[in-house]
Amino acid sequence: MIVVLVLMLAAVPAAITLLHNARSDLASALDDYHYTRAKYVAHSLAELAKQNPDLALQVADNWPDSEVTIEIDASTITVRLDRVIVSVDYD
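Residues numbered from 1 in each chain as written. Predicted model: local features only at pLDDT ≥ 70, side-chain atom pairs only at ≥ 80, totals over all residues. Heavy atoms only, no water.

K.L.:
Help me get a handle on the sheet that holds strand β1 (residues 68-72), residues and values and all.
P.N.:
If you walk across this open sheet you meet the 3 strands as β1-β2-β3, and the pairing is antiparallel. If you trace the sheet from one side to the other, it starts and ends with β1 and β3 (84-89), each paired once. Neighbouring strand axes in the sheet, compared pairwise and without regard to direction, differ in orientation by 15° on average. Bridge count for β1 against strand β2 (residues 76-81) is 5 bridges, and the pairing is antiparallel. (Pairing = 2+ DSSP bridges. Helix = DSSP H or I, 4+ residues; strand = E, 2+ residues; numbered from the N terminus. Axes fitted to C-alpha atoms, helices over the stretch in contact; angles between N-to-C directions.)

Okay, structure coming up:
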């Protein structure tokens, strides 16, 4: 009985540590995913803005993904997605 109690007391902190590490890794992976999405949006719109700035503004206004916020300035495209912000110059 005491052996089981000692094993349980040793296993619970280890399980909590593993759970904390898994949660941290998941948050990091989600940030990487959002960064990649935002980077692709920003670079795609930058290439479009180089060729046709008016069309880039139309595309940014009608972007189908509601999680993405797009701002186009005179020479910079800024994309926000969750906690990630990506800015690209398109001169």
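K.L.:
Can you tell me about the nonpolar core, naming the residues and giving the values?
P.N.:
Soluble globular proteins tend to pack their nonpolar side chains together in the buried interior. Ranked by internal contacts, the top residues of the largest apolar core, which has 17 residues, are Ile70, Ile77 and Val79. Mapped onto this core, the elements with two or more residues apiece are α1 (2-51), α2 (53-61), β1, β2 and β3. It is α1 that provides the largest number of residues to this core, a total of 6 residues. Those residues within four positions of Ile77 in sequence are excluded, and the remaining contacts are Ala42, Leu45, Ala46, Ala49, Ile70, Glu71, Ile72, Val86, Ser87, Val88 and Tyr90. (Core = buried A, V, L, I, M, F, W, Y, C linked by side-chain atoms within 4.5 Å. Buried < 20%, exposed > 50% of the residue type's maximum accessible area, 1.4 Å probe, protein only. Contact = heavy atoms within 4.5 Å.)

K.L.:
Any chance you could break down the environment of Ala29 for me, citing the residues and the numbers?
P.N.:
Looking at where Ala29 falls in the secondary structure, it is placed in helix α1. Remark: the alpha-carbon pair of Ala29 and Ile72, spanning 43 residues in sequence, is separated by 28 Å.

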